[in-house]
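Structural characterization, general
Spelled out from the first residue to the last, the chains are:
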There are 2 protein chains.
Amino acid sequence: MPMTETFKKAKSAGRKLALLTDEKRNGILRDVADAIIAGKSYILQANVADLKKMEPSDPLYDRLMLTESRLESIAADMRNVSRLPSPLGRTLTERTLDNGLRLRRVSVPFGVIGMIYEARPNVTFDVFALCFKSGNACVLKGGRDADCSNRAAVDVIHKVLAGHGIDTAAVTLLPATHEATASMLSAVGYIDLCIPRGGRKLIDFVRDTARVPVIETGAGVVNTYFDAAGDTEKGQRIICNAKTRRVSVCNALDCLLVHRARLTDLPALCAPLAEKQVTVFADVSAMNMLRGSYPDRLLADATADSYGTEYMDYKMAVRTVSSAAEAIDHINRYGSGHSECIITEDADTARQFQTRVDAACVYVNAPTSFTDGAQFGLGAEIGISTQKLGPRGPMGLEEITTYKWLIEGDGQIRE
Amino acid sequence: MPMTETFKKAKSAGRKLALLTDEKRNGILRDVADAIIAGKSYILQANVADLKKMEPSDPLYDRLMLTESRLESIAADMRNVSRLPSPLGRTLTERTLDNGLRLRRVSVPFGVIGMIYEARPNVTFDVFALCFKSGNACVLKGGRDADCSNRAAVDVIHKVLAGHGIDTAAVTLLPATHEATASMLSAVGYIDLCIPRGGRKLIDFVRDTARVPVIETGAGVVNTYFDAAGDTEKGQRIICNAKTRRVSVCNALDCLLVHRARLTDLPALCAPLAEKQVTVFADVSAMNMLRGSYPDRLLADATADSYGTEYMDYKMAVRTVSSAAEAIDHINRYGSGHSECIITEDADTARQFQTRVDAACVYVNAPTSFTDGAQFGLGAEIGISTQKLGPRGPMGLEEITTYKWLIEGDGQIRE
């Protein structure tokens, strides 16, 4: 099996990466950043080959496209990563037992991280930077649409690695085929962690198929609850920011829950959304309040499908609830465990909401658009985990390390 | 689907458990401990029904058997768990951003933990205690051999829960069938974490089949390397303790690697093992050294299968290596990432070994028999993780919690 050989090489390269010093790793990251700038025309040429195969009207076209300024920003991000503190070698626990045994729990790389992603060639550089900085080899399975761009990116990285005498299997780009995905997902003993980044369908497929450990990321059915004690002016700002800052990201608002007692404020809460051309799918009570104030062409009746949907668009559901408890139940039923928010001036209700809502990030009086590794002070982000095993929420460098227990004795034995 | 209803109820019970105070949880654990003592004859009667179906010569017979004193020790363990600090509500990270947003990462329960285990009815009580203390509901799938005992155990627990007005779905014992296992492994959205506890076959099946997050536990192919700079007297004690303290546990030694330069010490290193009737599978060089000093009837030639085997018995492989690097390569190839040990007086070699060996617990001059949650100061143990995603090594109460990010603002928005 040639694929097994590929994974074996990645494993071996990962073991060597773990032994580099942080200075060495940072120098290499800076050199790759330079090589991206020096290799702009080579990378852009490859990107044009990908773009030619896609209709410019395709919503993925813009995500696929690289430009000079995008490459500059990718290189700047890589330099940023090189400046972050190393996530390795941190002592997480330290204790000496009565018998003199010394125990330490120390952060170490996973080994090999498998990444499955769709048509965004910048991810190739991002994932390399975060994995390399954290001492992990990475095995990449990119989308077919971006294959020329990804090959060029990895080519640029490999040249720098080889120049430093680093095993180039530290970054391996698999063929953009389903067979490659299947091989990665069953590479037990070689892939220590697999992170799928993409739409719901990809993530479900990976979770349902993988025999290696997986972190589910990204899928965000995001709710915001405007409480009986909510401040209208804060609500306007928070809801508009959460919905419209960037509609195509996973932290964007999908459903506004509004307390029945505050239905009269709904037109004011939604007014900024009308300016941004957001279509609202309203339940009966909300519809009755919005009709007349909200533009008719942007109003539609909510259906059963309106609530569990991640819109990724200028679209939002509105549902009326009779209590905070009902809002919490709605969220725990329809949310995806990503980011949830309450707008309230009542501290008790806020606390209840934060305690009972089962999600990675639970906000009080701030928009879910803040869910992001850089915003959270993690320095960078490889994805946002929506599961509970392993890291939860934004994943930076520390979140792609594991630990080992180091135990030092002097001949003690266990009775 | 009746099974889905079962999981839904567990999920709902878990959400309620998370809201109890630690005092309330501890009181209930103490009451269950009392109920175990009060219900001794009821539980033992059920256990006899299980024992009747098994031959007393079966190696599982002793593991299946409950006795008055074993129940007393189970009750004492439960009281111990009630006295441990709560793993919930710990603030793991706290920061205030420049814009005034306050971020906290706080430990919370997983929700529902699924446990799949074999014929040891004490596990039913242990798992309940650890899950309940950490605010998690548990769904148990025990072995068919122990089904009467497990039903009696859960019955005793349910009576106490009901008496306190706690939803008894907080502890759910599934039928001891393959269908129940299959249902649990595909209960996405209901089972937040699944922990299989048992032999290699069970664990491989769970990992290969599950659609819910899994922690692989237990399987331990454990090595100890006696270095060129090893102390013979420490080596004798450490090797004998690691191999013979309890041969049926996962931290027991399976393969001794000995540096070629110290082959002459091999007879001394193995002498205590002869007293314990340990059969040694030796490679050619080791065999040449041991023949004459080690009892012939306990000596056999090593084969290709000798090195990747978890013996669970008074059996051990011995292999000669030419360097610490060769020992490390052997371990990274044949070990299961559980517990590994070096015996050396050379600090540099010890550090190299700890850095390069890829395992949950890496020992210097102490036996792997210490790998245990209670020994490590975790208070108790639900299993020993051999994977890198999530907790690694012994898992106590903290290791079966996750966290959520709580974000508090005052109307800030993201630009």
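Now for a look at the structure at hand. These figures come from a predicted structure and were not determined experimentally. (Residues numbered from 1 in each chain as written. Chains lettered and ligands numbered in written order. Predicted model: local features only at pLDDT ≥ 70, side-chain atom pairs only at ≥ 80, totals over all residues. Heavy atoms only, no water.)

Digging into helix 10 (residues 232-244) of chain A
All names here are of chain A. For helix 10, with 13 residues, the first-to-last C-alpha span of 18 Å sits near the 18 Å given by 1.5 Å per residue. Among the residues of helix 10, those classed as buried are Thr 232, Lys 234, Gly 235, Ile 238, Ile 239, Cys 240, Asn 241, Ala 242, Lys 243 and Thr 244. Check the buried side of helix 10 and you find it contacts strand 7 (222-226), strand 8 (253-259), helix 11 (266-275), strand 11 (315-321) and strand 12 (339-343). (Helix = DSSP H or I, 4+ residues; strand = E, 2+ residues; numbered from the N terminus. Expected span 1.5 Å × (residues − 1). Buried < 20%, exposed > 50% of the residue type's maximum accessible area, 1.4 Å probe, protein only. Contact = heavy atoms within 4.5 Å.)

So, the interface of chain A and chain B
Contacts between the two partners involve 73 residues from chain A, matched on the other side by 72 residues from chain B. Both faces considered, chain A and chain B share a buried interface measuring about 6300 Å² in area, 50% of it formed by carbon and sulfur atoms. Run the count over chain A and chain B and you get 10 salt bridges. Note that Lys234(B) is salt-bridged to Asp410(A), the shortest N-O span being 2.6 Å. Connecting chain A to chain B are 48 residue pairs in polar contact (both at pLDDT 80 or more). (Buried area = accessible area lost by both parts, 1.4 Å probe. Salt bridge = Lys/Arg side-chain N within 4 Å of Asp/Glu carboxyl O. Polar contact = N/O pair within 3.5 Å; in protein donor to acceptor, adjacent residues only side chain to side chain.)

Remarks on helix 13 (residues 324-334) of chain A
Among all positions of helix 13 of chain A, only Ala324(A), Ala327(A), Ile328(A), His330(A), Ile331(A), Asn332(A) and Tyr334(A) are buried. Close packing links the buried residues of helix 13 of chain A with strand 7, strand 8, strand 11, strand 12 and helix 14 (347-356) of chain A together with helix 1 (2-17) of chain B.

Thoughts on the sheet that holds strand 11 (residues 315-321) of chain B
The strands making up a sheet are joined through hydrogen bonds of the backbone, oriented either antiparallel or parallel. An order of 1(A)-2(A)-16(A)-13(B)-12(B)-7(B)-8(B)-11(B)-9(B)-10(B) is seen for the 10 strands of this open sheet, with the pairing classed as mixed. Since the sheet does not close on itself, it has two edges, and those belong to strand 1 (91-96) of chain A together with strand 10 (299-301) of chain B, each with one partner. Taken over all neighbouring pairs, the strand axes of this sheet differ in orientation by 20 degrees on average, direction set aside. The sheet strands contacting helix 10 (residues 232-244) of chain B are strand 7 (222-226), strand 8 (253-259), strand 11 and strand 12 (339-343) of chain B, and the helix crosses strand 8 of chain B at an angle near 160 degrees. (Pairing = 2+ DSSP bridges. Axes fitted to C-alpha atoms, helices over the stretch in contact; angles between N-to-C directions.)

Some words on the pairing of strand 1 of chain A
Residue and element names in this part refer to chain A. Of the strand pairs in this sheet, strand 1 and strand 2 (residues 102-109) are connected by five bridges, and their pairing is antiparallel. Paired with Thr 91 across the strands is Val 106, a residue of strand 2. Between the antiparallel neighbours strand 1 and strand 2 lie five residues, among them Gly 100 with a positive phi of about 95 degrees.

Thoughts on the packing of aromatic side chains
According to the stated counting rule, one finds 10 aromatic pairs over all chains in the structure shown. Consider the rings of Tyr225(A) and Phe353(A), whose centres lie 6.4 Å apart with planes at 20 degrees: the pair is stacked. Placement of Tyr225(A) in strand 7 and of Phe353(A) in helix 14 is noted, with a sequence separation of 128 residues between them. Ring geometry for Phe281(B) and Tyr311(B): centres 5.7 Å apart, planes at 5 degrees, overall stacked. Taken together, the residues Phe281(B) in strand 9 (residues 279-282) and Tyr311(B) in the loop between strand 10 and strand 11 connect sequence positions 30 residues apart. Across this residue pair, the class does not change: Phe281(B) and Tyr311(B) are buried. (Phe/Tyr/Trp six-rings, centres within 6.5 Å; stacked < 30°, edge-to-face > 60°.)

Concerning the nonpolar core
Grouped together as the largest cluster of nonpolar side chains are 102 residues, with contacts concentrated most on Ile36(A) and Ile36(B). Those residues in contact with Ile36(B) that lie beyond four places of it in its chain are Ile43(B), Leu71(B), Ile74(B), Ala75(B), Met78(B), Phe125(B) and Val156(B). (Core = buried A, V, L, I, M, F, W, Y, C linked by side-chain atoms within 4.5 Å.)

Describing the relation of the copies chain A and chain B
For the pair chain A and chain B, the superposition axis carries a translation of 0.0 Å, the fit reaches an RMSD of 0.0 Å, and the rotation angle comes to 180 degrees. These values place the two chain copies in the arrangement generated by a two-fold rotation axis. No C-alpha of chain A lies nearer the rotation axis than that of Gly390(A), which sits 2.0 Å from it. (Least-squares fit on C-alpha atoms with pLDDT ≥ 70 in both.)

Remarks on the pattern of salt bridges
All names here are of chain B. This structure, assessed with the given rule, holds 64 salt bridges over all chains. Taking the shortest distance from any N to any O, the salt bridge between Arg 207 and Asp 208 comes out at 3.0 Å. Accessibility expressed as a relative area gives 31% for Asp 208, which makes it partly exposed. Among the salt bridges present, the one from Asp 348 reaches Arg 351, with a minimum N-O distance of 3.5 Å. Highlighted residues: Asp 348 and Arg 351, both in helix 14 (residues 347-356), separated by three residues, approximately one helical turn.

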